[in-house]
Amino acid sequence: MFVLGKSKRIYLSSPHMSGNELNYIAEAFSTNWIAPLGPHVDAFESELADYVGAGGALALSSGTAAIHLALRLAGVSPGDVVFCSSLTFIASANPVLYQAARPVFIDSDPENWNMSTAALEQAFSAAEERGKLPRAVVVVNLYGQSADFTPLLKICGRYNVPVIEDAAESLGATYKGRASGTLGKFGIYSFNGNKIVTTSGGGMLVSDDLEALEKARFWSTQARDPARHYQHSEIGFNYRLSNVLAAIGRGQLKVLDDRVRARRAVFSRYYEALLEYDGLEFMPEAPYGQSSRWLTALQVDQDRCGVSAADIIDALAERNIEARPVWKPLHLQPLFKDCLYYTHETDGDVSAKLFEKGLCLPSGSNMDSDEVDRVINCIKECLNNR
Ligand SMILES: *Cc1c(COP(=O)(O)O)cnc(C)c1O
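Quick summary incoming for the structure in this document.

Rules of the game
- Residues numbered from 1 in each chain as written.
- Predicted model: local features only at pLDDT ≥ 70, side-chain atom pairs only at ≥ 80, totals over all residues.
- Heavy atoms only, no water.
- Helix = DSSP H or I, 4+ residues; strand = E, 2+ residues; numbered from the N terminus.
- Rg over C-alpha atoms; globule rule 2.2 N^0.38 Å.
- Buried < 20%, exposed > 50% of the residue type's maximum accessible area, 1.4 Å probe, protein only.
- Contact = heavy atoms within 4.5 Å.
- Areas by Shrake-Rupley, 256 points an atom, 1.4 Å probe, with all protein chains shown as cover.
- Lys, Arg positive; Asp, Glu negative; His and termini not counted.
- Charge placed at Lys NZ, Arg CZ, Asp CG, Glu CD.
- Pairing = 2+ DSSP bridges.
- Arc of directions from axis to C-beta.

All right, on to the overall build of the protein then. What the protein contains, in helices and strands, is 13 helices and 14 strands. Compactness check: the protein gives a C-alpha radius of gyration of 21 Å against a globular reference of 21 Å for 386 residues, within 12% of the reference. With respect to the principal axes defined by its C-alpha atoms, the protein has extents near 70 × 60 × 35 Å. Counting across all 386 residues of the protein, residues that qualify as buried make up 57%. Counted over contacts in the protein with a minimum sequence separation of 6, partners at least 24 positions apart contribute 72%. Approximately 16200 Å² of the protein is accessible, and the part contributed by carbon and sulfur atoms is 51%. A gap of 4 Å separates the mean positions of the 37 positive and 46 negative side-chain charges of the protein.

Written as structure tokens, this is what we have:
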């Protein structure tokens, strides 16, 4: 059936170009706009802002840079506290350290795997008692699914603390009919190579606060004062997106809806094929919105199905298929070992459990039906031979 080592590698999430990108790149070349800034950057910003319905957008060199500038806009300074989802990629919290602030991690809700309202409530009560409220809250939309913003925003609003929405994984998803990434005071997207659409590397900061975006724009280009000579009164960064990469982004944005459909279809194939197996539980889709299913994620209960997530990852690797564990929660990272953490339930750590049993399957929008079958057959074989 399979020839070991001969089959083409199946990646977790690889770039998927449409062809449109080359036309835009050719335009950048023919006009010699091979620079950070340029007409493609401006157009990419306004096209993305239109797509998600944000007041404005700022194209940056990465999603991490966008989070960093959002934290600065929120006024996060040395010694400040920032609340952040624990079950996420390190990039959600690294910029908190860039600002010499301290992250406090918040557990997940098992219903949607995103920030738990109950845990956030507890963290705020404790912070109030200590007399030190957070300067900002970073809410992550995991694997393409929006967090439950209505209750989260209500709590943050009560304490008057701005929300930064890390929508790096959820561009194209919705929450109660609104585009993911536009629920917080600031939203960020990533166009890293593994994301739903990519510029190879890049990011975007969105907000309805255009004045704040202008400030971030200033910071992102070395904070150069308006003067004929080079004059600087504030610290700045070199965070702008290149015009060539923005050209790729414009081409990708045109097919974003197709990419969401394709990833959701990959999820459906896995779901239907593996439904019959006891002990596999897919990340639920919350009723309040549509997930982009950036990655198909599931829980593998070894007691019930006889194999662990790690066993499945190994079996897939043998067949030249890339699968990964769920993000290791940030409160379990050596880097953050001294940080506070608030769990969803008094007696249980939800994100740690999701990590323990979590598995992410290849989910690229460019996977063909045979490739999805290869993954499914390998998992079935692994489960049947336990
Ligand atoms: C990818 C990602 C980022 C960082 O984006 P980059 O563009 O790689 O800097 C931030 N947060 C989450 C949740 C991500 O998945």
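Bringing the environment of Ile-196 into the picture now. Its location among the elements puts Ile-196 in the loop between strand S8 (186–190) and strand S9 (203–207). For Ile-196, a relative accessible area of 5% gives the class buried. Distance in space between the C-alpha atoms of Ile-196 and Ile-10 is 16 Å, their sequence separation being 186 residues. Contact partners of Ile-196, with chain neighbours within four places excluded, come to Leu-171, Leu-256, Arg-259, Val-260, Arg-263, Ser-292 and Trp-294.

Read from one edge to the other, the open sheet built from four strands follows the order S10-S11-S14-S12, with strand pairing classed as antiparallel. Edge positions in the sheet fall to strand S10 (280–282) and strand S12 (324–325), since each of these pairs with one other strand and no more. Here two bridges tie S12 to strand S14 (residues 358–361), and the two strands are oriented antiparallel to one another. Each bridged residue has a counterpart across the sheet, and for Pro-325 the counterpart in S14 is Leu-359.

We now examine the pairing of strand S1 (residues 56–60). Most of S1 is tucked away: five of the five residues are buried. Side-chain alternation along S1 places Gly-56, Leu-58 and Leu-60 on one buried face and Ala-57 and Ala-59 on a second face that is also buried. Across five bridges, S1 lies against S9 in antiparallel orientation. Looking across to S9, one finds that Leu-58 is bridged to Leu-205.

This part covers unusual backbone geometry. The phi angle at Leu-37 is positive, at roughly 75 degrees, despite the residue not being glycine. Counting through the fold element by element, Leu-37 comes out in the loop between helix H1 (20–30) and helix H2 (39–52). Phi angles above zero are rare outside glycine, and Arg-293 is one such case at about 45 degrees. Relative to the elements of secondary structure, Arg-293 occurs in the loop between S10 and strand S11 (296–300).

Moving on to helix H11 (residues 309–318). Given 3.6 residues per turn, any residue in an α-helix points the same way as the ones three and four places further on. Of all the residues in H11, the buried ones are Ala-309, Ile-312, Ile-313, Ala-315 and Leu-316. Looking down the long axis of H11, one finds its buried residues gathered within 165 degrees of arc, a one-sided arrangement. In the core, the buried residues of H11 are packed alongside S11, S12, helix H12 (350–357), S14 and helix H13 (369–384). After H11 finishes, the residue Asn-320 shows a positive phi value of roughly 65 degrees.

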